[in-house]
Amino acid sequence: RLDLAMAGLTGSGRIATVYRNAGDGVFTPISVPGLTGISDGSVSWGDYDSDGFADLLVMGLAGSTPVTKVFRGDGAGGLVEVAADLAGLWRGTAAWGDYDNDGRMDIVMAGCSNQDCTSRAAKLYHNDGAEAFTEVTNTGLPGTERASLAWGDYDNDGDLDILLTGLSNAGVVAGVYANSDRSGSFPAKSASSAATRSGSASFCSSKTSRRIAASESVIVPMPTAWMKVLL
């Protein structure tokens, strides 16, 4: 059964909650130490350590502080926060994807890096294994807020590319950034005249309705993501 995670604003404040699917339409919240309420961000499931248990990536504004956290599925029905040391962002999106085809899920994210949103960022983190993530510099991705991100192989060369929309320092953007050599550099390949912000973007083949990235979640400001968590 698919379990779910959601985060965002309610009438009483910010939340971030994981629900166990008990069947018959019943979802039971579970306690996740370190999972604080956020808004204007995203939640995304993935298996970053390839152990068969779903892990959770959470990004958003917690109080007055942007945060980005990773929680590891422990295989015993729980999630444990790991010391991923990721930059805190909000008003954007974070997503899992293996850009260098080494079998480990990496992270791309875009959003504001401070509370008043005067600083925009787009960051890529390489999964080094053993719960370590290293920031990749000179990616070519523009710092973007109100951002939507999606991984997909638009040119069928076997490497995941990035679709990014949002508000950059140059204005509203929508572009495809190509993964040409798996080094972490993503030069811009195309831009759309229908640039958007505060929206959603996704790759899809015209021959199938299958989503490119099963872990993709780009709903703002109340992100919700489904995954069988083996709870």
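This is a predicted model, so every value here is computed, not measured.

A. Quick look at the environment of Leu163. Secondary-structure assignment places Leu163 in strand β13 (residues 161-168). Along the primary structure Leu163 and Tyr177 are separated by 14 residues, whereas in three dimensions their C-alpha atoms are 6.3 Å apart.

B. Structural context of the pattern of salt bridges. A complete count under the given rule lists eight salt bridges for this structure. Lys69 serves as the salt-bridge partner of Glu81, at 3.9 Å between the closest nitrogen and oxygen. With Glu81 in strand β7 (residues 79-82) and Lys69 in strand β6 (residues 65-73), the pair connects residues that are 12 residues apart, well separated along the chain. Residue class for Glu81 comes out partly exposed when judged on its relative accessible area of 36%. In this structure, Lys123 engages Glu135 in a salt bridge whose closest nitrogen and oxygen atoms are separated by 3.0 Å. With Lys123 in strand β10 (residues 120-129) and Glu135 in strand β11 (residues 132-136), this residue pair connects regions lying 12 residues apart in the sequence. Salt bridges sharing common partners tie together Arg91, Arg120, Glu145 and Arg146.

C. Inspection of the confidence of the model for the chain at higher detail. Residues with a pLDDT of 70 or more make up 82% of the chain, whose mean pLDDT is 87. Note on residues 208-225: pLDDT under 50 across the span, and 62 contacts to partners over four residues away in sequence or across chains.

Analysis parameters
Position labels on residues start from 1 in each chain and follow its written sequence. Totals for whole chains, interfaces and linings use every residue, but because this is a predicted model, local features are given only for residues with pLDDT of at least 70 and side-chain atom pairs only at 80 or more, for both listing and counting. Excluding hydrogens and water, the side-chain values take into account all heavy atoms of the structure. Secondary structure follows DSSP: runs of H or I at least 4 residues long count as helices, runs of E at least 2 residues long count as strands, and numbering of each begins at the N terminus. The salt bridge definition used is simple: a Lys or Arg side-chain nitrogen within 4 Å of an Asp or Glu carboxyl oxygen. Each residue is placed in one exposure class: buried if its accessible area under a 1.4 Å probe, protein chains only, is under 20% of its type's maximum, exposed if it is over 50%, and partly exposed if it falls in between. The predictor rates its confidence in each residue with pLDDT, a number between 0 and 100. Residue contacts follow a heavy-atom distance rule, with two residues in contact if any of their heavy atoms lie within 4.5 Å.

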